[in-house]
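Summary of structural features
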Amino acid sequence: MTMNNGNDITTDETTAPVEGTETPVEIAQETETTDMQKLEAEITELKDKYLRLYADFENFRRRTAKEKLELISTASEDLMKAVLPVVDDFERAMSSFEATTDIVPLKEGVGLIYTKFSKTLESRGLKPMIAKGEKFDADLHESITQFPAPTEDLKGKVIDEVEKGYLLNDKVIRYAKVVVGS
């Protein structure tokens, strides 16, 4: 023991920490360790979320690609089902060609079948273009040739339609092949 201003202080008391208390360095190290553990847990959680999200996206991408291929392969199914009755009518007409010699009813029957077929296609969005007499439009018409216009008002207009053009839901699927007046 040493004497200092009348107080008794032992050397062991000044240097030895009190039991149950920690030094500031130990507290800082412990705080850093718990912060690191929290950050590592957060990183692990975020990685897990990322992997799950990526897997979900890959599954979605595969599923939509499969559905798209399926849709493309069966896209014309509805049209084919709608056209089958017309095909049946044509088969009946073909068989009646051999059985009858009167041509007038055959012409009427084929005309009815053509009308039915046109209406079936029209109900599916197919519309024929009206080109004859219209002003030439390169977005709708394909000019095969130019011909001198019989009258002045037919210059730059379609004089004759060689092949009909068609629109499917207002999109050109076949341009009309026309003769333009010059």
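Further remarks concern the pattern of salt bridges. All told, the structure shown has 11 salt bridges when counted by the stated rule. We note a salt bridge from E58 to R61, for which the minimum N-O separation is 2.6 Å. Taken together, the residues span about one helical turn, with E58 and R61 both in helix α2 (residues 24-73) at a distance of 3 residues. In this structure R61 comes out as partly exposed when scored by relative accessible area, which is 42%.

Before going further, it helps to spend a moment on the side chain of T120. By secondary structure assignment, the location of T120 is in helix α4 (residues 103-123). Among the residues examined, T120 registers a relative accessible area of 13% and is labelled buried.

Here strand β6 (residues 166-168) pairs with strand β7 (residues 171-174) via 3 bridges, running antiparallel. By the bridge assignment for β7, L167 is matched with V172. With antiparallel pairing between neighbouring strands as the criterion, β6 and β7 make up a hairpin whose turn holds 2 residues, including N169 at a positive phi of roughly 50°.

For the rest of this paragraph, the subject is a nonpolar patch on the surface. Taken together, the side chains of F90, M94, F97 and V110 present a nonpolar region at the surface, about 340 Å² in accessible area. With 3 residues, helix α3 (residues 77-99) is the largest single contributor of residues to the nonpolar patch. Within the fold, M94 resides in helix α3.

A few words on the sheet that holds strand β8 (residues 176-181). Pairing in this open sheet of 3 strands is mixed, and the strands run β4-β8-β5 from one edge to the other. At either margin of the open sheet sits one strand with a lone partner, and together these are β4 (141-147) and β5 (158-163). Adjacent strand axes in the sheet meet at a mean angle of 30°, parallel and antiparallel pairs treated alike. Sheet topology places β5 next to β8; 4 bridges connect them, and they run antiparallel. Of the residues in β8, the one forming a bridge with V158 is V180.

Attention now goes to α4. For α4, which comprises 21 residues, the first-to-last C-alpha distance of 30 Å matches the rise-based estimate of 30 Å (1.5 Å per residue) to within 8%. All of the buried residues in α4 are L106, I113, T120 and L121. Buried residues of α4, viewed axially, fall in a sector of 95°; they line one side. Summarising the geometry of α4, the exposed residues directed more than 90 degrees from the buried face are K107, E108, L112, K119, E122 and S123. Packing partners of the buried residues in α4 comprise α3 and β3 (126-128). Phi turns positive, to about 105°, at G125, one or two residues after α4.

Evaluation of the coordinates by the stated rule reveals 1 aromatic pair. Ring centres of Y50 and Y54 lie 6.3 Å apart, and the angle between their planes is 25°; on these two criteria the pair is classed as stacked. Linking Y50 with Y54, this pair stays in helix α2, spanning 4 residues, or about one helical turn. On the basis of relative accessibility, which here comes to 53%, the residue Y50 falls in the exposed class. A relative accessible area of 44% places Y54 in the partly exposed class.

Okay, the nonpolar core next. Of all hydrophobic cores here, the largest spans 7 residues; its members are M129, A131, V158, L167, A176, V178 and V180. Setting aside residues up to four positions removed in sequence, V178 forms contacts with A131, F136, H141, E142, S143, I144, T145, V158, D160, E161 and V162.

One open sheet holds the 3 strands; their spatial order is β3-β6-β7, and the pairing between them is antiparallel. The two strands at the open ends of the sheet, each matched to only one other strand, are β3 and β7. In this sheet, adjacent strand axes meet at a mean angle of 35° when their direction is disregarded.

Reading the values: rules and limits
Residues numbered from 1 in each chain as written. Predicted model: local features only at pLDDT ≥ 70, side-chain atom pairs only at ≥ 80, totals over all residues. Heavy atoms only, no water. Salt bridge = Lys/Arg side-chain N within 4 Å of Asp/Glu carboxyl O. Helix = DSSP H or I, 4+ residues; strand = E, 2+ residues; numbered from the N terminus. Buried < 20%, exposed > 50% of the residue type's maximum accessible area, 1.4 Å probe, protein only. Pairing = 2+ DSSP bridges. Patch = residues over 30% accessible without salt bridge, like charges linked within 9 Å, V, L, I, M, F, W, Y side chains within 5 Å. Areas by Shrake-Rupley, 256 points an atom, 1.4 Å probe, with all protein chains shown as cover. Axes fitted to C-alpha atoms, helices over the stretch in contact; angles between N-to-C directions. Expected span 1.5 Å × (residues − 1). Arc of directions from axis to C-beta. Contact = heavy atoms within 4.5 Å. Phe/Tyr/Trp six-rings, centres within 6.5 Å; stacked < 30°, edge-to-face > 60°. Core = buried A, V, L, I, M, F, W, Y, C linked by side-chain atoms within 4.5 Å.

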